[in-house]
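Structural overview
What follows is each chain in one-letter form.
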Amino acid sequence: HALPPSCVRFYDDELHVGGGPGGQAQLLSAGADRTLRLQSIWSAQQDCELSQKREAAKRSMHEVEPRARLLPPLLQMASSQRREREWANLITCHAGSPAAICWDTTAKRLAPHTLPARPAAAVTAVAISACGNFGFVGSELGAIDKYNL
């Protein structure tokens, strides 16, 4: 990250000794630079930044600062490897955003859908069920919505 990390989580449903399948152990990290990274704790060659190209394309090309074209700072994230090859398996909530953002870690990019809070309010918390099928979105109004991922 270009700026200090604000949120770091292991990307694994179960932490195995020596990593997960094939010895892989990974971290998800979000920084004040508005980036989201997937990093191996064993090999820096496997580190990557998840793409925000879709969000950047929505913003005006005349934005002075490139960072202004990225998603707002990340508040919280939840992930599950149970269904990672089938659908989005990472959910994030961002400062002041009315919807949680879904990510596809297999393709290392934003998923095509978002999970809006109902009634409309800023999203403050996210979670994914143990089975990996459901995403939960908590809003500043106290509501918790359940979505089929």
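Everything below is about the structure shown above.
The sections below set out a description of the structure shown in this document.

Analysis parameters
Residues numbered from 1 in each chain as written. Predicted model: local features only at pLDDT ≥ 70, side-chain atom pairs only at ≥ 80, totals over all residues. Heavy atoms only, no water. Patch = residues over 30% accessible without salt bridge, like charges linked within 9 Å, V, L, I, M, F, W, Y side chains within 5 Å. Areas by Shrake-Rupley, 256 points an atom, 1.4 Å probe, with all protein chains shown as cover. Salt bridge = Lys/Arg side-chain N within 4 Å of Asp/Glu carboxyl O. Helix = DSSP H or I, 4+ residues; strand = E, 2+ residues; numbered from the N terminus. Pairing = 2+ DSSP bridges. Buried < 20%, exposed > 50% of the residue type's maximum accessible area, 1.4 Å probe, protein only. Lys, Arg positive; Asp, Glu negative; His and termini not counted. Polar contact = N/O pair within 3.5 Å; in protein donor to acceptor, adjacent residues only side chain to side chain. Contact = heavy atoms within 4.5 Å.

Section: a nonpolar patch on the surface
Together, F10, I41 and W42 line one region of the surface with nonpolar side chains, adding up to about 350 Å² of accessible area. Tracing the chain through its elements places F10 in strand β1 (residues 5-10).

Description of the sheet that holds strand β3 (residues 36-40)
The strands making up a sheet associate through hydrogen bonds between their backbones, and the pairing can be parallel or antiparallel. The antiparallel open sheet is built from four strands, whose spatial order is β1-β2-β3-β4. If you trace the sheet from one side to the other, it starts and ends with β1 and β4 (48-49), each paired once.

Here we look at the side chain of E84
Secondary-structure assignment places E84 in the loop between β5 (74-79) and β6 (90-94). Summary of buried charges: E84 has no salt-bridge partner, and the nearest side chain of opposite charge, R85, is 4.8 Å away. Side-chain polar atoms of E84 contact the side chain of Y11, separated by 2.5 Å. The contact partners of E84, leaving out residues within four places of it in the chain, are Y11, N89, D104, T105 and T106.

Let's talk about the environment of T105
Here T105 lies in the loop between β7 (99-104) and β8 (109-116). The spatial distance from the C-alpha of T105 to the C-alpha of L50 is 7.6 Å, given a sequence separation of 55 residues. Residue contacts for T105: discarding those within four places in its chain leaves Y11, L50, E84, N89 and L90. Side chain to side chain, T105 and Y11 meet in a polar contact 2.8 Å long.

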